[in-house]
Amino acid sequence: MRPSPTLALRGIDKRFGHVQALSEVDLDLYPREVVALVGDNAAGKSTLAKVIAGVLSPDAGLIEMDGAPVTISSPSAARALGIATVFQDLALCENLDVVSNLYLGQERRIGRRLDEEGMEEEARSILHSLTSRIPSVRTPVAGLSAGQRQSVAIARTLLGSPRVVILDEPTASLSVSQTAEVLTHIQSLRDLGHAVVLISHNMTDVHAVADRIEVLRHGRNNGSFVGADASYEEIIAAVTGASPLVPPDHRARRTA
Amino acid sequence: MLTDRPTPGSQTSLREANRTRIVNAVKQFGGLTQIELAGATGLSTATVSTIVKELAAAGVVDTQTTSRSGRRALKVTLARRLGLVAGVQFGHRHLTVALGDLTREIVATQSMPLPPDHRVDTSLDRAALLVVDHLERLGSGLEELLGVGLALPAPVDEATGMIAVRGLLRGWDDLHVGQVLSKRLARPVHVDNDANLGAIAEHDFGAAADVQDSIFVRASYGVGAGIMINGRLHRGFAGTAGEIGHVQVDAAGAICRCGNRGCLDTVVGSAALLEMLRASHGPLTLRDVITRAEEGDPGCRRVIADAGEKVGSVVASLASTVNPQRVVVGGELAETGETFLAPLRDAVLRHVVPNAISPVEVVPAALGDRAEIMGALAVALRGVDVETSPELTSSPRATTLDPEER
């Protein structure tokens, strides 16, 4: 009934010395869907994101894109596959303006000259498609609010028109109106047809935009919920371990 | 007015176009410094400075000195007199906050996605913070806020400000929503049903502006209607007038949130529409259905068209009772245009009592998705005692904001 997932992870294992960070984790990502990855601290959310982003390579497991196995050996390999990630620290250059930040390392050129107008034009249209409130694409990032920085970081992921966008804690330490902005961006990303992974602690934010909520606990899958049906209580129970592990066959029925 | 329009491409028309760009940018961002304006519009700082001076002289914008990143800067905001009012709209899945001045111009607005069955405490808290945040963004504070209008997707008893029918908005029943927000913002809060506010806005400056009797149908996650009789909103004794979502259409149907059976909402509410598509299309959101219908997906179009027909037959009974000149259709489903509207119109005309003198017209909302929030601003404004010049409120500022016309 459903097309094969854009990105599928099967039985991913990752250990750091004696710490088993991920253990047989499965995750399917479909286009036009926001999947929220929730869990306690050290549940393996960010590790999983790093595996997808090519920062870490898994010890075991299979990664498939459109049904074909792939190896994501480095962040640039992930980019080439159409996977874009916004990490918590955003990785923006304070002293550069919005356009330079967006195109850093992937500048557009006409001959030997930089295509400044072209880049500015595209930057403006991408920010517009995200309904972003950044007034000027020539302001240095240092002069932007936390929410505006987040939207620059999200806009940067859109440059190569990726198929999967991963956002690690995008609403942490933002004011309400900045959160509103970022959540609206996430909805736009989804409506543009991307598969979006949202990692967050804030259950209200997760519920507001997620189509599916995947719970991780101690590096294992501990439940999968349809965003519109799941109650806060159910999800908190899965996060804290108050409810028993949802068996895989039950999970399949829920998400179908 | 058309005759003395400057020829396109001329110096004058270019300056006019630049002026519009600047005003639009200020409108979009609330308040901007001149440097930011230059960036937002792509104009040179010199041009921006000249035009801002002109606009300030014409009374379109206000300027004030602030500092940005440690440097002196001139902040440009839309000119407003006498203060601001706030409109807050809670939907089933979103929250919209808007600030308007006393000339009914919206000077700032922001939407935010909300979870399904969002909690009343979190949502009200977010609304209050958004209002304050946007006041600050405009360079003003709470003292400039005069009143608040609040739209809820449930019938509201005007006298008490409480939700009149239990169960429609889960968890919101026992709270005096208006009082909570009023305590937070220290300003009067007027609470009303979203369809009622949409009806007021469409009557005041929308698709029903030239008629006295109209019905505003709001087809969203649920269906509601606002009834204007003789130019005034008819709320009914306890605020449940126009609740067409709870008219029975199927005696053997499912139990509704309100406790009755087979209500229109159980047939055309978002849950029912999405359930119909689940087997063929998988889990979708209402937004998905609307987008796909616009893209031409036959299944989604069919579901919306059938919903239009069902809503139309209920609206027909209401129209037979009230005899409006016009039925204005708004809400998310109406965004699909004639896909929803044509079957609705056909059903209304088929079932309504035939009227030889003036058959009822069925038209789309002129204000689109802003109808409810503009209604909220309008009622907030009505609650404000305006002791100042009456011509200000009686002649709303031209929405084009063309300084030549002022």
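Overview of the structure. (Residues numbered from 1 in each chain as written. Chains lettered and ligands numbered in written order. Predicted model: local features only at pLDDT ≥ 70, side-chain atom pairs only at ≥ 80, totals over all residues. Heavy atoms only, no water.)

## Concerning the overall build of chain B
A count of helical and extended segments in chain B gives 13 helices and 13 strands. For a compact globule of 406 residues, the expected C-alpha radius of gyration is about 22 Å, and chain B comes in at 23 Å, within 12% of that figure. With respect to the principal axes defined by its C-alpha atoms, chain B has extents near 70 × 50 × 45 Å. Expressed as a percentage of its 406 residues, the buried residues of chain B come to 53%. Restricting the contact set of chain B to residue pairs at least 6 apart, pairs at least 24 apart contribute 63%. Total accessible area on chain B is roughly 17,500 Å²; 52% of this is exposed by carbon and sulfur atoms. (Helix = DSSP H or I, 4+ residues; strand = E, 2+ residues; numbered from the N terminus. Rg over C-alpha atoms; globule rule 2.2 N^0.38 Å. Buried < 20%, exposed > 50% of the residue type's maximum accessible area, 1.4 Å probe, protein only. Contact = heavy atoms within 4.5 Å. Areas by Shrake-Rupley, 256 points an atom, 1.4 Å probe, with all protein chains shown as cover.)

## Section: the pattern of salt bridges
Any two side chains of opposite charge can pair if their charged atoms end up close together. Residue and element names in this part refer to chain B. As enumerated under the stated definition, the model contains 34 salt bridges over all chains in all. When the shortest N-O distance is used, the salt bridge between Arg382 and Asp204 registers 3.3 Å. With Arg382 in helix α12 (residues 371-382) and Asp204 in helix α6 (residues 194-205), the pair connects residues that are 178 residues apart, well separated along the chain. For Asp204, a relative accessible area of 25% gives the class partly exposed. Here Arg326 and Asp210 are joined by a salt bridge, their closest N and O atoms 2.7 Å apart. Pair noted here: Arg326 is in strand β12 (residues 326-330) and Asp210 is in the loop between α6 and β9 (214-219), with a separation of 116 residues, a long-range link. A relative accessible area of 58% means that Asp210 is categorised as exposed. (Salt bridge = Lys/Arg side-chain N within 4 Å of Asp/Glu carboxyl O.)

## Thoughts on α6 of chain B
All names here are of chain B. With twelve residues, α6 should reach 16 Å at 1.5 Å per residue; the first-to-last C-alpha distance of 16 Å fits that figure. Of all twelve residues making up α6, ten are buried, and the element is well covered by its neighbours. Put simply, Asn193 is the residue that caps the front of α6, since its side-chain oxygen is 3.1 Å from the backbone nitrogen of Ala195. (Expected span 1.5 Å × (residues − 1). Polar contact = N/O pair within 3.5 Å; in protein donor to acceptor, adjacent residues only side chain to side chain.)

## What about empty space enclosed by the protein?
All names here are of chain B. If you walk through the whole model with that rule in mind, you get one cavity of 30 Å³ or more. The greatest single-element share of the lining of the largest cavity, amounting to three residues, is contributed by α12. Looking at side-chain class alone, the lining of the largest cavity contains five nonpolar, no polar and one charged residues. (1 Å grid on protein atoms, 1.4 Å probe; cavity = no way out; pocket = protein on both sides within 12 Å on 5 of 7 lines; lining within 4 Å. Points joined across faces, edges and corners; volume = space filled by probe spheres on them. Nonpolar A, V, L, I, M, F, W, Y, C, P; charged D, E, K, R; others polar.)

## Some remarks on the interface of chain B and chain A
Taken together, the contacts link 32 residues of chain B with 31 residues of chain A. The junction of chain B with chain A conceals about 2,700 Å² of combined surface from both sides, 52% of it contributed by carbon and sulfur atoms. Our enumeration of links across chain B and chain A arrives at three salt bridges. Across the chain B-chain A interface, the total number found is seven residue pairs in polar contact (both at pLDDT 80 or more). Elements that contribute at least two residues to the side of chain B that touches chain A include exactly α1 (11-29), α2 (34-41), β6 (106-113), α4 (120-137), α8 (270-281) and α9 (286-295) of chain B. When residues of the side of chain B that touches chain A are assigned to their parent elements, the largest contribution, seven residues, is made by α4 of chain B. Here the side of chain B that touches chain A is built from residues that sort into eleven nonpolar, eleven polar and ten charged. (Buried area = accessible area lost by both parts, 1.4 Å probe.)

## Observations concerning the side chain of Asn196 of chain B
Its place among the elements puts Asn196 of chain B in helix α6. Those residues in contact with Asn196 of chain B that lie beyond four places of it in its chain are Ala225, Gly226, Leu233 and Arg235 of chain B.

## What to know about the pairing of strand β10 (residues 223-229) of chain B
All names here are of chain B. Of all seven residues in β10, six are buried; the element is thus mostly enclosed. The antiparallel pairing of β9 with β10 creates a hairpin that spans three residues between the two strands. Across three bridges, the pairing between β10 and strand β11 (residues 232-234) is antiparallel. If you follow Ile227 over to β11, its bridge partner there is His234. Remark: two residues form the turn of the hairpin made by β10 and β11, two consecutive strands paired antiparallel; Asn230 in that turn has positive phi of roughly 55 degrees. (Pairing = 2+ DSSP bridges.)

## Some points on the sheet that holds β6 of chain B
Residues and elements named next belong to chain B. Sheet architecture is open: five strands sit in the order β6-β5-β4-β7-β8, paired in mixed fashion. Of all strands in the sheet, those bounded by a partner on one side alone are β6 and β8 (189-193). The sheet shows a mean angle of 15 degrees between the axes of neighbouring strands, direction not considered. Its contacts with the sheet place α6 against β7 (145-152) and β8, and it is angled at close to 100 degrees to β8. (Axes fitted to C-alpha atoms, helices over the stretch in contact; angles between N-to-C directions.)

## Digging into the sheet that holds β11 of chain B
Residues and elements named next belong to chain B. If you trace the five strands from one edge of the open sheet to the other, you get β11-β10-β9-β12-β13, paired in mixed fashion. The open sheet is flanked by β11 and β13 (361-364), the only strands paired with a single partner. Pairwise comparison of adjacent strand axes, ignoring direction, gives a mean angle of 25 degrees for this sheet.

## A closer look at the packing of α8 of chain B against helix α10 (residues 298-322) of chain B
Residues and elements named next belong to chain B. At their nearest, the axes of α8 and α10 sit 10 Å apart, and the two run at 160 degrees to each other. It follows from the interaxial angle that α8 and α10 lie roughly antiparallel. The handedness of the crossing between α8 and α10 is right-handed. Seen from α8, the contacting residues are Leu273, Met276, Leu277 and His281; seen from α10, they are Gly299, Cys300, Val303 and Ala307. Split into classes, the residues belonging to the contact of α8 with α10 amount to six nonpolar, two polar and no charged. (Parallel < 35°, antiparallel > 145°, perpendicular 65-115°, else oblique. Left-handed = near helix turned anticlockwise from the far one by under 90°.)

## Let's talk about the packing of aromatic side chains
Residue and element names in this part refer to chain B. Applying the stated criterion across every chain yields a total of one aromatic pair over all chains. Taken together, a centroid distance of 5.0 Å and an interplanar angle of 70 degrees make the contact between Phe90 and Trp172 edge-to-face. Here Trp172 lies in the loop between β7 and α5 (177-185) and Phe90 lies in strand β4 (residues 84-90), a separation of 82 residues in the sequence. Both residues of the pair, Phe90 and Trp172, belong to the buried class. (Phe/Tyr/Trp six-rings, centres within 6.5 Å; stacked < 30°, edge-to-face > 60°.)

## A word on unusual backbone geometry
Positive phi, normally seen in glycine, also occurs at Asp66 of chain A, with a value near 50 degrees. Structurally, Asp66 of chain A can be placed in the loop between β4 (60-65) and β5 (68-69). Of note in this structure, Asn230 of chain B is not a glycine but carries a positive phi near 55 degrees. Along the chain, Asn230 of chain B turns up in the loop between β10 and β11.

## Some words on the environment of Gly160 of chain A
By the element assignment, Gly160 of chain A lies in the loop between α5 (146-157) and β9 (164-168). Given the relative accessible area of 48%, Gly160 of chain A is considered partly exposed.

## Section: α5 of chain A
For the α-helix, the turn length of 3.6 residues means that residues three or four positions removed from each other point alike. Residue and element names in this part refer to chain A. A rise of 1.5 Å per residue sets the reference length of α5, with its twelve residues, at 16 Å; its end C-alpha atoms lie 17 Å apart and thus fit the reference within 8%. Buried residues dominate α5, accounting for eleven of its twelve residues. Among the residues making up α5, those that are buried are Gly147, Gln148, Arg149, Gln150, Ser151, Val152, Ala153, Ile154, Ala155, Arg156 and Thr157. Each element contacted by the buried residues of α5 is listed here: α2 (75-80), β6 (83-86), α3 (98-103), α4 (116-129), β9 and α6 (176-191).

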